[in-house]
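Next come the chains, spelled out residue by residue.
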Amino acid sequence: MISPIIWIATTAGPVEIVSITREDPGIRSVLCVQDSFEELPISSLYDSFVKRPTGIIEKITGHPSYRTDLSAPITQGSSWQLGITIAHLFHSKELTKKSKHEELAIFCTGSVTASGEVVAVNRIQEKWNSFNKLLAGNDARS
């Protein structure tokens, strides 16, 4: 199976999920800017999203702690949850960064409930417009 590139639609522009690394179960999960020591402000929300009893990622993958690297910061909101969930589903199938298919992409935004229901978020058109700029090569993040 080939892993697509997964983009999270944010109001600041698209953010790619660059990598997911399993961490020691005794530490908390973090979101970081790609290959840096910069922990993002929403890391505590991500940790709760991952770990039982509040989170769903551990329920899906069986593992309670991850470091996920993003191409750019996400500092607020919950629209990152759908992309993170999809990325963890691919990662749980033991797909690595090396197997990403450069021509396949998932562009998504949405919240996910504790029961796994996807919930719509606001400002979809604005987020879609920013992705179109990325595709056209007119985005500073590309």
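Predicted, not measured: the structure shown is a model, and the values here were computed from it.

Criteria and cut-off values
- What you see as residue numbers is a count from 1 along each chain, following the sequence as written.
- In keeping with the model being predicted, local features are shown solely for residues with a pLDDT of at least 70 and side-chain atom pairs are shown and tallied solely at 80 or more, while totals for entire chains, interfaces and linings include all residues.
- As a rule here, side-chain values come from all non-hydrogen atoms in the structure, and water together with hydrogens is ignored.
- Any two of the Phe, Tyr and Trp rings considered here, Trp counted by its six-membered ring, make a pair once their centres fall within 6.5 Å; the pair's planes then place it as stacked at under 30 degrees, edge-to-face at over 60, or tilted in between.
- Counting from the N terminus, the helices are the DSSP runs of H or I reaching at least four residues and the strands are the DSSP runs of E reaching at least two.
- A simple rule labels every residue: compare its accessible area, found with a 1.4 Å probe on the protein chains alone, to the largest value its type can have, and call it buried under 20%, exposed over 50%, or partly exposed in between.
- We count Lys and Arg on the positive side and Asp and Glu on the negative side, and we leave His and both chain ends out.
- A side-chain nitrogen of Lys or Arg and a carboxyl oxygen of Asp or Glu constitute a salt bridge if their distance falls within 4 Å.
- Contact criterion: two residues are considered in contact whenever any of their non-hydrogen atoms come within 4.5 Å of each other.
- Pairing between two strands requires that DSSP report at least two bridges joining them.
- Think of it as the arc spanned by the lines of direction from the helix axis to the C-beta atoms.
- Buried Ala, Val, Leu, Ile, Met, Phe, Trp, Tyr and Cys residues form a nonpolar core when they are joined through side-chain atoms within 4.5 Å.
- In this scheme, a helix's expected span is set at 1.5 Å multiplied by one less than its residue total.

Undergrad: Mind showing me how you'd approach the packing of aromatic side chains here?
TA: A ring pair, where both rings are aromatic, is described by two values, the distance of the centres and the angle of the planes. Taken as a whole and judged by the stated rule, the model has three aromatic pairs. Ring pairing ties together the aromatic residues Y46, F49 and W80, which thus form one cluster.

Undergrad: Quick question: what am I supposed to make of the side chain of E58 here?
TA: Inspection of the secondary structure assignment puts E58 in helix α2 (residues 57-61). Buried within the structure, E58 lacks any salt-bridge partner; R52 is the closest side chain of opposite charge, at an N-O distance of 4.8 Å. Setting aside chain neighbours within four positions, we find E58 in contact with V50, K51, R52, H63 and P64.

Undergrad: What is the right way to look at the pairing of strand β2 (residues 15-22) in this model?
TA: Looking down a regular strand, the side chains alternate between one sheet face and the other. Looking at chain direction, strand β1 (residues 3-8) and β2 are connected through two bridges and run antiparallel. Within β2, the residue paired with W7 across the bridge is E16. Hairpin geometry of β1 and β2 is characterised by an intervening segment of six residues between the two adjacent antiparallel strands and by a positive phi of about 120° at G13. Across five bridges, β2 lies against strand β4 (residues 66-70) in antiparallel orientation. Looking at β4, one finds that R22 is bridged to Y66.

Undergrad: How should helix α1 (residues 43-50) be read in this particular structure?
TA: For an α-helix the count is 3.6 residues per turn, leaving residues at separations of three or four pointing the same way. Listed in full, the buried residues belonging to α1 are S43, Y46, D47, F49 and V50. Each buried residue of α1 sits inside an arc of 160° when the element is viewed along its axis, so together they form one side. Contacts made by the buried residues of α1 are with β3 (30-33), α2, β4, α3 (81-92) and β6 (111-112).

Undergrad: Any chance you could explain the nonpolar core here in plain terms?
TA: Proteins that are soluble and globular tend to have nonpolar side chains buried together. With 26 residues, the main nonpolar core has I17, W80 and I84 as its most contacted residues. Sorting the residues of this core by element identifies β1, β2, β3, α1, β4 and α3 as the ones contributing at least two each. Residue contributions to this core peak at five residues, all from α3. With residues near it in sequence (within four places) discarded, I84 still touches I8, I17, L31, Y46, F49 and T68.

Undergrad: Help me understand the pattern of salt bridges in this model?
TA: Where charged atoms of side chains with opposite charge meet at close range, the side chains can pair. This structure, assessed with the given rule, holds four salt bridges. When the shortest N-O distance is used, the salt bridge between D69 and R67 registers 2.6 Å. Judged by relative accessible area, which is 7%, D69 ranks as buried. The partner of R123 in a salt bridge is E126, with the nearest N and O atoms 2.8 Å apart. Classification of E126 as partly exposed rests on a relative accessible area of 34%.

Undergrad: Just checking my understanding: could you explain helix α4 (residues 124-135) for this structure?
TA: Taking 1.5 Å per residue as the helical rise, α4 with its twelve residues ought to reach 16 Å, and the 17 Å between its terminal C-alpha atoms agrees with that figure. All of the buried residues along α4 are K127, S130, F131 and L134. Taken around the axis of α4, the buried residues stretch over an arc of 100°, which confines them to a single face. Those residues of α4 that are exposed and angled more than 90 degrees off the buried face are Q125 and L135. Within two residues after α4, G137 carries a phi angle of roughly 80°, on the positive side.

Functional significance is not addressed by these values, which are geometric in nature.
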